[in-house]
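# Analysis of the macromolecular model
Here are the chains, one letter per residue:
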Amino acid sequence: MFYRAPVTTPPATPAGLRRPPTDLIETTCRTALQPVRGMWFEWSLNPYGGCVHRCTFCYVRAFERRADRPSDDRYGRAVRVKTNVVTVLRDELRRPSHRSGLVCLGTATDPYQPAEGRYRLTRGCLEALAAARRPLTLTTRGPLVVRDAALLAEADAAAGVSVSISLPTVDEAVVRRTEPGTAPPRQRLRALERLAGAGVRAGVLMAPVLPGISDGEASMAATVRAARDAGAAFLLAGVLHLTPGTREHFLAALASDWPELLPRYLDLYRGRSHLPAALTSPVATRAARLRAAAGISADRPPRPQLPPAPSQLRLAI
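What counts, and at which threshold
- Along each chain, residues carry numbers from 1 onward, in the same order as the chain's sequence is written.
- This being a predicted model, a pLDDT of at least 70 is required before a residue's local features are given, and a value of 80 or more before pairs of side-chain atoms are given or counted; all residues contribute to the totals for chains, interfaces and linings.
- To get the side-chain values, take all heavy atoms of the structure and skip hydrogens and water.
- Strands here are runs of E lasting at least two residues and helices are runs of H or I lasting at least four, both read from the DSSP assignment and numbered beginning at the N terminus.
- Polar contacts, as used here, are pairs of N or O atoms within 3.5 Å; protein pairs need one atom able to donate a hydrogen and one able to accept it. Residues neighboring in sequence count only if both atoms are side-chain atoms.
- Contacts are residue-level and defined by heavy atoms, with any inter-residue pair within 4.5 Å sufficient.
- Two strands pair under a simple rule: DSSP has to find at least two bridges between them.
- Orientation is described by axes fitted as lines to C-alpha atoms, over the contacting stretch for helices, and by angles from 0 to 180 degrees between their N-to-C directions.
- Buried means the residue's accessible area, taken with a 1.4 Å probe over protein chains only, is under 20% of the maximum for its type, while exposed means over 50%, and partly exposed covers the values in between.
- A clockwise course of the path from the first strand over the helix to the second, judged with the strands pointing away from the viewer, identifies a crossover as right-handed.
- The scheme is simple: roughly parallel for angles under 35 degrees, roughly antiparallel for over 145, roughly perpendicular for 65 to 115, oblique for anything else.
- By the definition used in this description, the sense in which the near helix is turned from the far one sets the handedness, with an anticlockwise turn below a right angle giving left-handed and a clockwise turn giving right-handed.
- Under the grouping applied here, Gly and all other residues not named as nonpolar or charged are polar, the nonpolar ones being Ala, Val, Leu, Ile, Met, Phe, Trp, Tyr, Cys and Pro and the charged ones Asp, Glu, Lys and Arg.

### Let's talk about the side chain of Thr 122
Structurally, the position occupied by Thr 122 is in helix H4 (residues 121-131). A polar contact of 2.6 Å, which involves the side chain of Thr 122, links it to the backbone oxygen of Pro 111. Setting aside residues no more than four positions away along its own chain, Thr 122 makes contact with Pro 47, Tyr 48, Leu 105, Pro 111, Tyr 112 and Glu 116.

Shown next, in the form of structure tokens:
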């Protein structure tokens with residue numbers, strides 16, 4: 001059963017525009033942790049469904065389409081709030097049969113979008129994971145993450161934490177066109193700086209890099225410099241993928257914002273969602289060179305290891 005929460009006037013975006021009204025739909029979940037295969041983490045955790053950021057390139061649009069939910073301009077107009085997720089998570093973590101592993105928050109929605117300020121579900125999940133001494137990683141575009149800097153530092157001391165601030169580019173004109181509901185780059189960089197200052201291992205996810213838009217030397221160099229200046233411990237980069245559901249919306253937005261690039265994209269992504277290595281390797285090489293020059297780690301955050309359980313002392317007889 002769903003409850004549609006009252007919606008207040010949407011806040012103004014930094015560009016002076018207003019976000020479209022968002023319905024907060026309160027619902028419940030049967031499971032919190034979802035097992036993952038073929039990734040660098042074992043579990044995904046998403047306290048919310050849907051995202052007000054409305055990034056034109058968001059890969060989650062493809063998931064929404066497969067679930068028969070809107071993936072077009074209507075995506076982001078409703079956010080599903082899993083009101084019982086913290087309770088379910090605590091129950092799952094207590095089960096003797098539950099296997100351990102790295103938990104990733106933010107695989108299908110931003111855990112620090114505006115609804116978190118009201119519901120505090122991400123914070124509750126962090127508290128549960130820290131109490132269970134579970135290593136975790138999260139990805140966000142939301143500066144609200146700084147609210148939990150102290151908690152993340154405590155969780156890091158308990159089991160290990162890393163935070164990826166998603167920042168494809170520091171070009172505000174590009175951000176406003178492709179990420180209309182997000183905080184500006186300077187706010188995300190300030191959040192990164194505060195996390196690093198609190199002792200949290202935090203870095204930048206420079207993805208997706210957009211061919212012909214943000215893949216140039218000057219654009220990528222500016223983002224890497226900004227990450228370095230904010231104290232990034234690591235930086236990862238990746239080129240745009242266009243899967244069905246994401247592809248249609250992104251190309252429609254591209255036709256409006258950069259019509260001169262539409263023929264190039266139609267050619268690049270004709271019959272495929274992922275570009276071949278021959279086309280992505282120049283971006284990867286450029287990112288690696290800039291990252292090395294900035295003195296930022298080239299590796300993913302290391303998988304945190306739980307401390308060994310204390311051995312039981314045998315009483316001498």
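### Quick word on the sheet that holds strand E3 (residues 33-35)
With mixed pairing, the seven strands of this open sheet are ordered in space as E3-E4-E7-E8-E9-E10-E11. A single partner strand is all that each edge strand has here, and the edge strands are E3 and strand E11 (235-239). On average, each strand axis in the sheet is tilted by 25 degrees relative to the strand beside it, whichever way the strands run. The pairing of strand E7 (residues 103-105) with strand E8 (residues 136-140) spans three bridges and is classified as parallel. Note on E8: the bridge partner recorded for Cys 104 is Thr 137. Seen against the sheet, helix H8 (residues 217-229) touches strand E10 (202-209) and E11 and runs at an angle of roughly 165 degrees to E10.

### Here's the deal with unusual backbone geometry
Residues Ala 207 and Pro 208 are joined by a peptide bond in cis, for which omega reads 0 degrees. The residue Arg 54 is not glycine, and still its phi comes out positive at about 55 degrees. Along the chain, Arg 54 falls in the loop between strand E5 (48-49) and helix H1 (60-66). Relative accessible area serves as the criterion here: at 15%, Arg 54 is assigned to the buried category.

### Thoughts on the pairing of E11
In the sheet, E10 pairs with E11 via four bridges, with the strands oriented parallel. Note on E11: the bridge partner recorded for Met 206 is Ala 237. Running through H8, the crossover from E10 to the neighbouring parallel element E11 is right-handed.

### Section: the packing of helix H2 (residues 85-94) against H4
It is the contact of H2 with H4, at a shortest axis distance of 9 Å, that shows an interaxial angle of 15 degrees. Relative to H4, the element H2 lies roughly parallel. Between H2 and H4 lies a crossing of right-handed hand. Of the residues in H4, those touching H2 at Val 85, Val 86, Leu 89, Arg 90 and Leu 93 are Leu 121, Gly 124, Cys 125, Glu 127, Ala 128 and Leu 129. Here the contact of H2 with H4 is built from residues that sort into eight nonpolar, one polar and two charged.

### Things to note about the environment of Val 86
Summarising the element assignment, Val 86 is placed in helix H2. Distance in space between the C-alpha atoms of Val 86 and Ala 128 is 7.3 Å, their sequence separation being 42 residues. When near neighbours in sequence (up to four residues on either side) are disregarded, Val 86 contacts Leu 121, Gly 124 and Cys 125.

### So, the packing of H8 against helix H11 (residues 277-294)
At a minimum axis separation of 10 Å, H8 and H11 run at an interaxial angle of 35 degrees. Relative to H11, the crossing made by H8 is right-handed. Across the interface between the two elements, Glu 217, Met 220, Ala 221, Val 224 and Arg 228 from H8 touch Val 283, Arg 286, Ala 287, Arg 289, Leu 290, Arg 291 and Ala 294 from H11. Residue classes in the contact of H8 with H11 are distributed as seven nonpolar, no polar and five charged.

Honestly, it's all geometry; don't read function into it.
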